[in-house]
Amino acid sequence: MAQTLAVEKLIIGGERVPASDGGTLDVVDPSTGQTLATLARATAADVDRAVKAARAAMESKAWGGILPAERGRILFRIAHKIRERAEELAILESRDNGKPLRQSRTDVQVAARYFEFYAGVADKIMGQTIPLGPGFLDYTIREPIGVSAHIVPWNYPIQIGSRGVAPALAAGCAVVLKPSSEAPMTALRLGEIVLECGLPAGALNVVPGTGSEAGAALASHPDINQLTFTGSVDVGVQVAKMAADNVVPVVMELGGKSPNIVFFDADLEAAAQGVANAIFQNAGQTCSAGSRLLVERRAHDEMVERLAARAKSMRLGPGVDDPDMGPIISKRQLETIEQYIQIGREEGAHVVTGGRRPDDPRLGGGYFLEPTLLDRVSNDMRVAQEEIFGPVLSIVTFEDLDEAAALANRSDYGLVAGIWTRDINKALAAASRIKSGQVYVNTYGAGGGVELPFGGYKKSGYGREKGLEALASYTQVKNVCIKFG
Ligand code: NAD
């Protein structure tokens, strides 16, 4: 029997409060299928309270009038506190989301790194002077955009939450964070940590709830100034339309069908390791998962052999036991993935390994699926075009660079691409032709890549998170023009 945690409250205006209608939602541990915690479930009225609290913070001396350097100091303290509580946060993330403990530990360190990185820039958000000629002084100021709304998914809760919250706070915005109802626990802990670190009341509010109620109330709220949405394309489109009604700018971090392109001349052992990690990390529930392997025909058999050996050796288990792969987030998502595997079979794909639930009775209560390789896939099959969001790799072969680049780009998505080759000319030529927001050569993901701008081409979204690039979303430029003399 899993230990059930106490009921968790919303964090609004610096206080822990129940939902206005007393409603709750149960959070399920996907490793066991049992209830992990019961949370206050934010209503539209709670979201409205949270936006009002954020607005009040913006207008307060404590937050709106704070020195930029002091904002930075608070963010450094948050980074420090996350590291102090790292193990507790990682265990909670693994129970809530199911991911292996070492992945949760990495996620928590990356979350701390976001606060540290943006702490350092809080007092370096500068404008320009623009030369208009004699008798004029013209300068720009980058002001905080205001109340920033964040709707995040369940797959990397603390990492993605921090990825948006840290730059928004560094820029001087006040934030309302709506975590996914599937995995909201570490977002609430983050809300507690920021209060302990002296962030003024209302500068960060955390309102777990359902998408259709709390999410929609936040996206359509007339008093938010900016929205960062991370999630699926379908919901992203709905959310963008809601925000458009109030002329609210949106950062859209959506899905992907990212290719790993492996040439014959690559270090195939390193490529196999990179490709396996890119698809099986977090059980394939990663926006930037390398879910298409495009492999040069001459390297196909060896790559498939190496990948199959890796997949077969992976140990499945509850996240807190630190297996090689944890469960899928929910029964519904597990069934969706199984349907895709069936679609692949019907389309003519060959299941090299996996494709079914493990028969270990100890895993019976959880939502486990074996790591799966689908070979003989053609790029126009649904399993090569649609985001499956599970541990399923679709393998497509190519003959040369031209065909590889064409296949890579024949996708509605354009989030990340990996290129594996020992030939620098080939690597650079491929990188220049691929239409995606990030390209990696002989690596994939770079351990979180806090410093690197991240975001999509095409239906993978627009706007950029991470790196200095993210600050553009949380600031607005004011130009001041003065005639003198
Ligand atoms: P989702 O779109 O179902 O939900 C994302 C968030 O939106 C959740 O908080 C949810 O409660 C909320 N939501 C749902 N319906 C809503 C509505 N009508 N109005 C407002 N909010 C609503 O996505 P998910 O299943 O949580 O996450 C998986 C998806 O997220 C995948 O497509 C994945 O690729 C994408 N993702 C993208 C990135 C990225 O950075 N590009 C990162 C992680 C995940």
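Here's what I pulled together on the structure shown here. All values derive from a computational prediction rather than experimental measurement. (Residues numbered from 1 in each chain as written. Predicted model: local features only at pLDDT ≥ 70, side-chain atom pairs only at ≥ 80, totals over all residues. Heavy atoms only, no water.)

### A look at the overall build of the chain
Link 1 in the chain: On a plain count of helices and strands, the chain comes out with 15 helices and 21 strands.
Link 2 in the chain: Against the 2.2 N^0.38 benchmark of 23 Å for 485 residues, the chain shows a C-alpha radius of gyration of 23 Å, consistent with a compact globule.
Link 3 in the chain: Seen along its three principal axes, the alpha-carbon backbone of the chain occupies a region of about 75 × 65 × 40 Å.
Link 4 in the chain: Taking all 485 residues of the chain together, the buried fraction comes to 58%. (Helix = DSSP H or I, 4+ residues; strand = E, 2+ residues; numbered from the N terminus. Rg over C-alpha atoms; globule rule 2.2 N^0.38 Å. Buried < 20%, exposed > 50% of the residue type's maximum accessible area, 1.4 Å probe, protein only.)

### Here's the deal with the pairing of strand S17 (residues 416–420)
Look at any regular strand and the pattern is simple: side chains alternate between the two faces of the sheet.
Link 1 in the chain: Within S17, 5 of the 5 residues are buried, leaving the element largely enclosed by the surrounding structure.
Link 2 in the chain: As judged from the 3 bridges shared by strand S11 (residues 259–262) and S17, these two strands associate in the parallel manner. Its bridge partner being in S17, Ile261 is matched across the sheet by Ile419.
Link 3 in the chain: The pairing of S17 with strand S18 (residues 438–441) spans 4 bridges and is parallel. Opposite Gly418, over in S18, you have Tyr440 as the bridge partner.
Link 4 in the chain: A crossover connection joins S17 to the parallel S18 through helix H14 (residues 424–433); in handedness this β-α-β unit is right-handed. (Pairing = 2+ DSSP bridges. Right-handed = clockwise from strand over helix to strand, strands pointing away.)

### Structural notes on the nonpolar core
Link 1 in the chain: Ranked by internal contacts, the top residues of the largest apolar core, which has 93 residues, are Trp63, Ile82, Phe115, Tyr118, Leu169 and Leu227.
Link 2 in the chain: With 10 residues, helix H4 (residues 101–119) is the largest single contributor of residues to this core.
Link 3 in the chain: Setting aside its immediate chain neighbours within four residues, Tyr118 contacts Leu75, Ala166, Pro167, Ala170, Lys466, Gly467, Ala470 and Leu471.
Link 4 in the chain: Grouped together as the second largest cluster of nonpolar side chains are 64 residues, Leu316, Ile328, Leu363 and Phe454 included. (Core = buried A, V, L, I, M, F, W, Y, C linked by side-chain atoms within 4.5 Å. Contact = heavy atoms within 4.5 Å.)

### Structural notes on the site of the ligand
Link 1 in the chain: Neighbouring residues of the ligand: 29 residues in total, closest Val152, Arg163, Ser232, Leu254 and Glu387.
Link 2 in the chain: Gln238 has a polar side-chain atom sitting 3.4 Å from a nitrogen atom of the ligand.
Link 3 in the chain: Its atoms largely coinciding with the cavity grid, the ligand occupies the largest pocket.
Link 4 in the chain: Listed by contribution, the elements that provide at least two residues to the shell around the ligand are helix H5 (157–170), helix H7 (211–219), strand S9 (226–230) and helix H8 (233–245).
Link 5 in the chain: For the shell around the ligand, the leading source of residues is H8, giving 4 residues.
Link 6 in the chain: Its residues assigned to classes, the shell around the ligand comprises 16 nonpolar, 9 polar and 4 charged.
Link 7 in the chain: Taken domain by domain, the shell around the ligand gets at least three of its residues from each of domain 1 (10–254 + 462–480) and domain 2 (259–450). (Near = heavy atom within 4 Å. Polar contact = N/O pair within 3.5 Å; in protein donor to acceptor, adjacent residues only side chain to side chain. 1 Å grid on protein atoms, 1.4 Å probe; cavity = no way out; pocket = protein on both sides within 12 Å on 5 of 7 lines; lining within 4 Å. Sits in = over half its atoms within 2 Å of the grid points. Nonpolar A, V, L, I, M, F, W, Y, C, P; charged D, E, K, R; others polar. Domains from an automatic or database assignment.)

In short, shape yes, function no, at least from these values alone.
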